[in-house]
Amino acid sequence: MAELTSDEVNKLIYGYLRSEGLELTARALLHETNTSTEEPDLDLVKLLLKGLESVKTEQAITSSTQLSSIDFGLQQLNSLPGGRLVKICGDNVVICGQELVCAETSALDKVKKLPYARINDVAFMGRNQVFVSQSNGPILVLDLSTDPITLFPPTTHTANMIKMVPFTDRLLAINGKHFCVFNAQGDVLCKETQLENAEASDISYAEWVDQDTVALAINNKVHIYKYSEGIHKVIEQHLLPVSYLTVGAGGSVVYSGSEEGLICAIDSTGQQQRAFKAHAGVITFLGTYGNLLVSASNDGKVKVWRDASLLFEFDVEAPIYTCTLNGSSLVVVSDRVQVVQLKESGAYLIASLTLPDSRFNVAAVGNKVFLTNESETRVLKIIQSGN
């Protein structure tokens, strides 16, 4: 493999700084190094991300701390307004509901609201600029760093689901059976498209594979579409509808899980690598850290895999509604919320709290867990007993 040039390394750093919203620092880097403003090579970005994930995994596995012997708890902080979805980027937590609610994770008492129509989804570009899809209107563009929130002229596109490509300004907009791709300036990179030979059902899940390729779940099929070349592959391994879709290993593998408990691994070209029966129920979560895959299901089990080999599993003894990975910590939502530290040798329960209702969506950052439903958003803090 060819060595990285200093200009290529600087482009990677520049892309990372921009993705974190550090525009002044990014521009200072360009000025000091005379680096071009071209986007970094996507293969190099994948390599960087894969390396960072491997470092996280090794740190978690080689840690000498006996987490099973440390007694933690979950302390409830102030509640926020409810919604259907909660997302975190940098210091911002955003709740999507009848209105958009934003707060800094370190200053939850300072809440900003945008009383717009019913909000469906948000996608971050950097720390503070977000795209917002609404039920009956165009995609909005906001700056969360100001108070009140700055509203830029809306785009001409509508969507019920939106996804931003990391390190770029490309946005995937899903609207029922159709999708399109455009950038932050509004330039259309892929006109509104409905995949050939796709069922009449709406697109249920969507993920970026790379900046030119998307993975879409429609009913029981996974579609890999490279829109820059018009290449379309269909994977028909699942018998029942796809219930979860995620991309791991720097974009080189797409994982789909279905209602019959099957996991399918697909490479970025649309070739199926393997399929295996993972659970006895509907798969409700798939996530990766390093080269490991985590799956959860309404059969009450969480399992950790390497390729198709089961490393270990644990039973929460209740149907699992959803999960989120925060580094090597897994937050599991069933009839209670549980924070679990994952290692290659097994899982270690850190904290647990019984919930009155399991129908929460979840996000986590640092030592805070955000659980949201239509009524409220609970903010929990992981604390060591006695503190």
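The preceding data block contains the structure.
Let us look at the structure shown here. (Residues numbered from 1 in each chain as written. Predicted model: local features only at pLDDT ≥ 70, side-chain atom pairs only at ≥ 80, totals over all residues. Heavy atoms only, no water.)

**Describing the overall build of the protein**
And then number 1: Assigned secondary structure in the protein consists of three helices and 33 strands.
And then number 2: Out of the 387 residues in the protein, the part that is buried amounts to 51%.
And then number 3: A sequence separation of at least 24 residues applies to 43% of the contacts in the protein between residues at least 6 apart.
And then number 4: Carbon and sulfur atoms make up 47% of the accessible area of the protein, which amounts to about 17,500 Å² in all. (Helix = DSSP H or I, 4+ residues; strand = E, 2+ residues; numbered from the N terminus. Buried < 20%, exposed > 50% of the residue type's maximum accessible area, 1.4 Å probe, protein only. Contact = heavy atoms within 4.5 Å. Areas by Shrake-Rupley, 256 points an atom, 1.4 Å probe, with all protein chains shown as cover.)

**Some words on the sheet that holds strand S22 (residues 272–277)**
And then number 1: A sheet is described by the order of its strands in space; here four strands give the open sequence S19-S20-S21-S22, paired in antiparallel fashion. Both outer strands of the open sheet, strand S19 (242–248) and S22, are each paired with one neighbouring strand and no more. Taken over all neighbouring pairs, the strand axes of this sheet differ in orientation by 15° on average, direction set aside. (Pairing = 2+ DSSP bridges. Axes fitted to C-alpha atoms, helices over the stretch in contact; angles between N-to-C directions.)

**Section: the sheet that holds strand S12 (residues 170–175)**
And then number 1: Taken in spatial order, the four strands make up an open sheet running S11-S12-S13-S14, and their pairing is antiparallel. Each of the sheet's edge strands pairs with one partner strand only, and the pair in question is strand S11 (161–164) and strand S14 (188–193). Neighbouring strand axes in the sheet, compared pairwise and without regard to direction, differ in orientation by 15° on average.
And then number 2: Bridge count for S11 against S12 is four bridges, and the pairing is antiparallel. Its bridge partner being in S12, Ile-162 is matched across the sheet by Ala-173.

**A closer look at the pattern of salt bridges**
And then number 1: By the definition in use, this model includes 11 salt bridges.
And then number 2: For Lys-87, the salt bridge is made with Asp-121, and the minimal N-O distance between the two is 2.8 Å. Taken as a pair, Lys-87 in strand S3 (residues 85–89) and Asp-121 in strand S7 (residues 119–125) lie far apart in primary sequence, 34 residues in all.
And then number 3: On the basis of relative accessible area, Lys-87 is assigned to the partly exposed category, the value being 22%.
And then number 4: Residue Asp-121 is classed as buried on the basis of its relative accessible area, which comes to 6%.
And then number 5: Where Asp-307 meets Arg-274, a salt bridge forms, and the shortest distance between an N and an O atom there is 3.5 Å. Of the two residues, Asp-307 is situated in the loop between strand S25 (301–306) and strand S26 (309–315) and Arg-274 in strand S22; the sequence distance between them amounts to 33 residues. (Salt bridge = Lys/Arg side-chain N within 4 Å of Asp/Glu carboxyl O.)

**Re the side chain of His-223**
And then number 1: One can find His-223 in strand S17 (residues 221–226).
And then number 2: Here the side chain of His-223 touches His-232 through a polar contact of 2.9 Å, side chain to side chain. (Polar contact = N/O pair within 3.5 Å; in protein donor to acceptor, adjacent residues only side chain to side chain.)

**Overview of the pairing of strand S29 (residues 336–343)**
And then number 1: Among the eight residues of S29, eight are classified as buried, and the element is accordingly described as predominantly covered.
And then number 2: In S29, alternate side chains face the same way, and those of Arg-336, Gln-338, Val-340 and Leu-342 on one face and Val-337, Val-339, Gln-341 and Lys-343 on the other are all buried.
And then number 3: Inspection of the sheet shows strand S28 (residues 329–333) paired to S29 by five bridges, in the antiparallel sense. Looking at S29, one finds that Val-331 is bridged to Val-339.
And then number 4: Linking S28 back to S29 in an antiparallel pair, the connection comprises two residues.

**A look at the environment of Ala-363**
And then number 1: Mapped onto the elements, Ala-363 comes out in strand S31 (residues 361–365).
And then number 2: Sequence separation of Ala-363 and Leu-85 is 278 residues, and the distance between their C-alpha atoms is 9.0 Å.
And then number 3: Residues within four places of Ala-363 in sequence aside, it is in contact with Val-86, Ile-88, Thr-324, Lys-368, Val-369 and Phe-370.

**A closer look at unusual backbone geometry**
And then number 1: The amide bond that connects Asp-147 to the next residue, Pro-148, takes the cis arrangement and shows omega of 5°.
And then number 2: Here Asp-307, not a glycine, exhibits a phi torsion of approximately 55°, which is positive.
And then number 3: Backbone geometry places Glu-317, a non-glycine residue, at a positive phi of 65°.
And then number 4: Within the element layout of this structure, Glu-317 appears in the loop between S26 and strand S27 (322–326).

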